[in-house]
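Okay, here's what each chain looks like letter by letter:
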Amino acid sequence: MATINDPKTYKVVPNTLSIVDGPIGSGGPDTITDHSFANIKAISDALAAKQIGNNVNPIGLDPNFPGLRNLVREGDPTASTSPKPFDFYSPDTFNYTVFDVSADGKSLNINVEGVNSYAADTNPEPSTTVNPIRSIVSFTLDAAPVPTVSAGNAGNDKIVPTSLQTIFTDGGDDLVDGIVGKGDNRIYGGDGNDELLAGLRDRLFGENGDDTLDASQGKGGNRLYGGAGNDTLYAGTNDFLSGGDGNDTLYAGKGGNTLYGGAGADRFYLAYNGAPTSTNTVADFEVGIDKLLILGIAGVSDFSKVTLTAKGTDTLVAAGGKDLALLTGIGSSSLNASSFAVA
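The following refers to the structure shown. Here the residue index of a chain counts from 1 through its sequence in written order. Thresholds applied to this predicted model are a pLDDT of at least 70 for local features of residues and 80 or more for the giving and counting of side-chain atom pairs; totals over whole chains, interfaces and linings are not thresholded and use all residues. Side-chain metrics rest on all non-hydrogen atoms present in the structure, leaving aside hydrogens and water.

Topic: unusual backbone geometry
Let me state the cut-off plainly: For helices the rule is a DSSP run of H or I covering at least 4 residues; for strands it is a run of E covering at least 2, with both sets numbered from the N terminus onward. Three exposure classes are used, based on accessible area relative to the maximum for each residue type with a 1.4 Å probe and protein chains only: buried under 20%, partly exposed in between, and exposed over 50%.
Despite not being glycine, Asp184 has its phi angle at roughly 65°, a positive value. In this fold, Asp184 is placed in the loop between β8 (175-177) and β9 (186-188). On the basis of relative accessible area, Asp184 is assigned to the buried category, the value being 16%. At Glu207, a position not held by glycine, the phi torsion is positive, near 60°. Following the sequence through the fold, Glu207 ends up in the loop between β11 (203-205) and β12 (212-214).

Dropping the structure here:
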């Protein structure tokens, strides 16, 4: 049951969204005077990171939101191919949204238009050259099939979902195997120490207990949220992992994955049984609290074999001639042997 003052207890309603506009005169946007792409993206990324760190879905739509296409975000040429929270967020504009339903009723076109915000009581007139009204974010949603909802019981359930199912396992130590299904499922572990397996574009929520959430055999595009407890999360390819509360263990997977440990002393396996095929991202490593583990790479037996390269405010970790992971927001000078376990 959700608690109104605790966002971590909320349930995600599949295939739904809300849009919040900031009309002229609204508070907040007027405090932002730097309208540069870099500044607005930094504000958006910081908000998304804070939300994810609190085990709350970040702003914007999931890249695999059913029916999402034709995403255009002012200033971001990669929005349509690599959607990010920033692409759905405009904290520095006064805006409104235009909705257009296709003639056959199967598509919804959404266009957020507006102007750069300005200080209170200045009220400049928009023009075609100075602060023009323009499209900031636009995208299309095609109608999605209606998902089915099912529930387990207080015992130890074993469930094999097919596709577009929302499953609440309730209590017990449950096993939900989404590997063989067609994907796009939402699986909630509830209480108990559950094992949830992801297939394609599945969403796993461990919730309470010391859960195992595993996308290592999946087909990618999965999102895993550990929730409360000391959870273990395995990535596959192009997956998203969030440990949530507790001392969690996250396995970085084959590549293209993003990992957030959340609260607690977390362990990030950057390599195990060999290096990943492409670089992963660790988004919230905490120096002195979390640990980075590199195991099973030939010729790499201690920290002296690890290479740390500064990438702006981030650090690229490499070993054995392979780039393993990018640590965002972590300077290379802040890392030393104590941050790693290598064998």
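Comments concerning the packing of aromatic side chains
Let me state the cut-off plainly: A pair of aromatic rings is counted whenever rings of Phe, Tyr or Trp (Trp by its six-membered ring) have centres within 6.5 Å, and the orientation is called stacked for planes under 30 degrees apart, edge-to-face for over 60 and tilted otherwise.
Taken as a whole and assessed by the stated rule, the structure comprises 14 aromatic pairs. Ring geometry for Phe205 against Tyr225: centres 5.1 Å apart, planes inclined by 5°, an arrangement best described as stacked. Pair noted here: Phe205 is in strand β11 and Tyr225 is in strand β13 (residues 223-225), with a separation of 20 residues, a long-range link. Given a relative accessible area of 4%, Tyr225 falls into the buried group. A network of ring pairs unites the aromatic residues Phe168, Tyr188, Phe205, Tyr225, Phe240 and Tyr260 as a single cluster.

Describing a nonpolar patch on the surface
Our working definition: The patch calculation keeps residues exceeding 30% relative accessible area without a salt bridge and links them within 9 Å when they carry like charges or within 5 Å when they are nonpolar (Val, Leu, Ile, Met, Phe, Trp, Tyr). Residue burial considers only the protein chains on display, and all accessible areas are found by Shrake-Rupley using a 1.4 Å probe. In what follows, salt bridge is the name for a side-chain nitrogen of Lys or Arg lying within 4 Å of a carboxyl oxygen of Asp or Glu.
A contiguous nonpolar patch, built from Leu17, Ile19 and Phe99 and spanning about 260 Å² of accessible area, is present on the exposed surface. Along the chain, the position of Ile19 falls in the segment before α1 (37-53).

Comments concerning the nonpolar core
Let me state the cut-off plainly: Residues enter a nonpolar core if they are buried and are Ala, Val, Leu, Ile, Met, Phe, Trp, Tyr or Cys, with the set joined through side-chain atoms within 4.5 Å. Contacts are assigned to residue pairs that have any heavy atoms within 4.5 Å of one another.
Core analysis: the biggest nonpolar cluster contains 35 residues, and Leu224, Phe268, Leu270, Ile294 and Phe340 have the highest contact counts within it. Going through the elements one at a time, β18 (267-271), β20 (291-294), β22 (314-319), β23 (322-327) and β24 (340-342) are the ones with two or more residues in this core. Those residues in contact with Phe340, other than ones at most four positions away along the chain, are Lys291, Leu292, Ile294, Phe303, Val306, Leu308, Val317 and Leu335. Residues Phe65, Leu68, Ala79 and Leu141 belong to the second largest nonpolar core, which totals 12 residues.

Brief notes about the sheet that holds strand β16 (residues 249-251)
Going by this rule: When DSSP locates at least two bridges between a pair of strands, those strands are taken to pair.
Read from one edge to the other, the open sheet built from 9 strands follows the order β6-β8-β10-β12-β14-β16-β18-β20-β24, with strand pairing classed as parallel. Since the sheet does not close on itself, it has two edges, and those belong to β6 (158-159) and β24, each with one partner. Both β16 and β18 contribute to a ladder of 3 bridges, which runs parallel. Residue pairing across strands places Leu250 opposite Phe268, the latter belonging to β18.

Let's talk about the pairing of β22
With 6 of 6 residues buried, β22 lies mostly within the body of the structure. Along β22, one buried face is formed by Asp314, Leu316 and Ala318 and the opposite face, lined by Thr315, Val317 and Ala319, is buried too. Pairing of strand β21 (residues 306-311) with β22, which is carried by 6 bridges, proceeds in the antiparallel orientation. Following the sheet pairing, Leu308 is matched in β22 by Val317. Hairpin connection between β21 and β22: a loop of 2 residues separates the two successive antiparallel strands, and Gly312 in this loop has a positive phi of roughly 65°. Sheet topology places β22 next to β23; 5 bridges connect them, and they run antiparallel. If you follow Ala319 over to β23, its bridge partner there is Lys322. What sits between the antiparallel neighbours β22 and β23 is a turn of 2 residues, in which Gly320 has the positive phi angle 60°.

So, the pattern of salt bridges
The final tally for this structure, using the stated rule, is 8 salt bridges. As a salt-bridge pair, Asp76 and Lys84 come within 3.3 Å of each other at their nearest N and O atoms. Owing to a relative accessible area of 9%, Asp76 belongs among the buried residues under this scheme. Put simply, Asp184 and Arg201 hold a salt bridge, and the shortest N to O gap is 2.8 Å.

Things to note about the sheet that holds strand β4 (residues 134-142)
Rule in force here: Helix axes are fitted only over the stretch in contact, all axes being lines through C-alpha atoms; the angle between N-to-C directions runs from 0 to 180 degrees.
Strand order in this open sheet of 4 strands is β1-β4-β3-β2, and the pairing throughout is antiparallel. Whereas interior strands pair on both sides, the edge strands pair on one side only; in this sheet they are β1 (68-73) and β2 (93-101). Taken pair by pair, the neighbouring strands of this sheet meet at an average axis angle of 15°, ignoring direction. Two strands pair when backbone bridges link them, and β2 and strand β3 (residues 107-116) are joined in this way by 9 bridges, in the antiparallel orientation. Bridge pairing in β3 places Tyr96 opposite Glu113.

Quick notes on α1
Selection criterion: The span one expects for a helix is its residue count, reduced by one, times 1.5 Å. The directions considered for the arc are those from the helix axis to the C-beta atoms.
Over its 17 residues, α1 runs 24 Å from end to end, which matches the ideal 24 Å to within 8%, given 1.5 Å per residue. Listing the buried residues of α1 in full gives Ile40, Ser44, Ala48, Gln51 and Ile52. Burial along α1 is one-sided: seen end-on, the buried residues are contained in an arc of 100°. Opposite its buried face, α1 presents the exposed residues Ala38 and Lys50, each directed more than 90 degrees away. Of the surrounding secondary structure, the elements contacted by the buried residues of α1 are β1, β15 (240-242) and β17 (258-260).

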